[in-house]
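Summary of the model geometry
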Amino acid sequence: MMKVSSRQVDGVVIVDLSGRITLGEGSTVLRDTVRDLLSKGQKKILLNLAEVTYIDSSGIGELVSAYTSVRNQGGDLKLLNLTKKVHDLLQITKLYTVFDVKDSESAAVASLK
Amino acid sequence: MTGDRVSYTLESTLESVNWAEQAAEQFAARFGLQDDDRQEFAMAVREAAINAVLHGNAYDRRKTIEVTFAREPETLEVTVRDQGKGFDVAGIPDPLAPENLLKQSGRGIFLIRTYMDEVRFRKLNPGTEMVLVKRIRGKSADKEKGQS
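Below is a summary of the structure that appears in this document. Note that the structure is a prediction, hence the values are computed from the model and not measured.

Our next topic: the nonpolar core. Ile45(A), Leu46(A), Leu47(A) and Leu49(A) are the most contacted members of the largest nonpolar core, which totals 33 residues. Contributing elements (two or more residues each) for this core: strand S2 (12–21), helix H1 (25–39), strand S3 (44–55), helix H2 (57–72), strand S4 (76–80), helix H3 (84–92) and helix H4 (105–112) of chain A. Counting residues per element, this core draws most heavily on S3(A), at seven residues. Every residue in contact with Leu47(A), bar those within four places of it in the chain, is listed here: Val15(A), Leu17(A), Leu77(A), Leu79(A) and Leu80(A). One finds Phe41(B), Ala42(B), Leu132(B) and Ile136(B) within the second-largest nonpolar core, a separate group that totals 32 residues.

A few words now on the interface of chain B and chain A. Taken together, the 16 residues of chain B in the interface contact 15 residues of chain A. Counting residues per element, the ones that place at least two in the side of chain B that touches chain A are helix H1 (14–30), helix H2 (35–56) and helix H3 (108–115) of chain B. Among the elements that take part in the side of chain B that touches chain A, H2(B) stands out by supplying four residues, more than any other. Looking at the side of chain B that touches chain A, its residues break down into nine nonpolar, four polar and three charged.

This paragraph deals with the sheet that holds strand S5 (residues 128–135) of chain B. Strands in a sheet are paired, the pairing made by backbone hydrogen bonds, and the direction either parallel or antiparallel. All names here are of chain B. A sheet is described by the order of its strands in space; here five strands give the open sequence S1-S2-S3-S5-S4, paired in antiparallel fashion. Lying at the two open borders of the sheet, with one neighbouring strand each, are strand S1 (5–11) and strand S4 (118–123). Between one strand and the next, the sheet's axes are offset by a mean angle of 15 degrees, whatever the strand orientation. Both S4 and S5 contribute to a ladder of six bridges, which runs antiparallel. Bridging from a neighbouring strand, Phe 121 pairs with Met 130 of S5. Against the sheet, H2 engages strand S2 (64–71), strand S3 (75–81) and S5, with an angle of about 175 degrees to S5.

Moving on, we come to unusual backbone geometry. Cis peptide bonds are those with omega within 30 degrees of zero, and the linkage from Asn125(B) to Pro126(B) qualifies with 5 degrees. For Pro126(B), the position within the fold is in the loop between S4 and S5. Positive phi values are uncommon outside glycine, yet Asp10(A) reaches one of about 50 degrees. By secondary structure assignment, the location of Asp10(A) is in the loop between strand S1 (2–9) and S2.

The rules behind the values
Note that residues are indexed from 1 along each chain, following the sequence as it is written. All chains are assigned letters beginning with A, and all ligands numbers beginning with 1, in the order in which they are written. Where totals are concerned, whole chains, interfaces and linings use all residues; where local detail is concerned, this predicted model gives features only for residues with pLDDT of at least 70, and gives and counts side-chain atom pairs only at 80 or more. Defined on buried residues, the nonpolar core groups Ala, Val, Leu, Ile, Met, Phe, Trp, Tyr and Cys residues joined through C-beta atoms within 7 Å. A residue is called partly exposed when the number of other C-beta atoms within 10 Å of its own lies between 12 and 20, exposed at 12 or fewer, and buried at 20 or more, with C-beta atoms placed from the backbone. Segments assigned H or I by DSSP are reported as helices when at least four residues long, segments assigned E as strands when at least two residues long, and all are numbered from the N terminus. In this description, a residue-residue contact is defined by the distance between C-beta atoms placed from the backbone, which must lie within 7 Å. The nonpolar class holds Ala, Val, Leu, Ile, Met, Phe, Trp, Tyr, Cys and Pro. Asp, Glu, Lys and Arg form the charged class, and all remaining residues, Gly among them, are polar. Two strands pair under a simple rule: DSSP has to find at least two bridges between them. For helices, the axis comes from a line fit to the C-alpha atoms of the stretch in contact; other axes are also lines fit to C-alpha atoms, and the angle between any two N-to-C directions lies between 0 and 180 degrees.

By themselves, these are just geometric observations and shouldn't be taken as functional.
Printed below as a string of structure tokens:
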């Protein structure tokens with residue numbers, strides 16, 4: 001089960017995710033959240049994955065889809081605070097070369113402004 | 001020695017995917033697979049179940065998947081069978097190729113191969129059989145030897 005909440009910092013939307021991003025609810029929640037933000041014109045998005053415990057292939061697909069959707073609308077999406085497991089997953093799938101991953105929230109927000 | 005063996009027939013649903021993952025976690029724990037290996041084992045079984053339910057049986061409720069866990073002397077083996085149209089493993093695009101990195105799907109088999117020591121495929125009529133093999137290493141193997 002995944003929980004999600006979002007907050008605004010200096011024009012950037014920080015989406016705090018916790019739980020699992022997997023086929024079914026987790027992937028759907030992420031997709032709906034990003035779609036909702038884009039529909040409101042909020043295109044600078046920081047996904048905080050500090051509390052995300054597990055991502056499966058479907059969840060990876062949703063992260064990629066969220067990234068391309070935001071970029072296609074002229075925005076940017078970055079990742080914040082990866083756990084070791086999620087970091088390793090992005091390494092083996094080579095998505096570490098695609099996503100801009102940050103460890104500091106303030107630095108991440110500054111880079112998106 | 002044929003080892004312990006347990007088999008389940010499951011509906012083609014998301015619940016079955018979650019169930020298979022939990023069963024894998026319990027099976028791995030029962031035979032002493034250590035933390036990282038146990039997680040990888042469960043993650044691989046989840047991906048295989050997704051493949052069978054979603055890509056194989058296409059959520060068709062009239063079709064089932066069969067998941068069999070077996071403990072062999074030096075390995076844990078999982079066999080996942082579906083009743084779908086089958087697929088050509090060699091034809092799966094490389095998800096690490098630059099032109100495929102931004103594709104939404106196509107990483108399941110790659111992850112299974114990453115998490116397991118050996119993966120075998122066989123065409124059924126109809127369907128596909130996938131056999132996943134994870135070696136019991138280090139403390140896990142020692143523990144099992146001590147118990148046998």
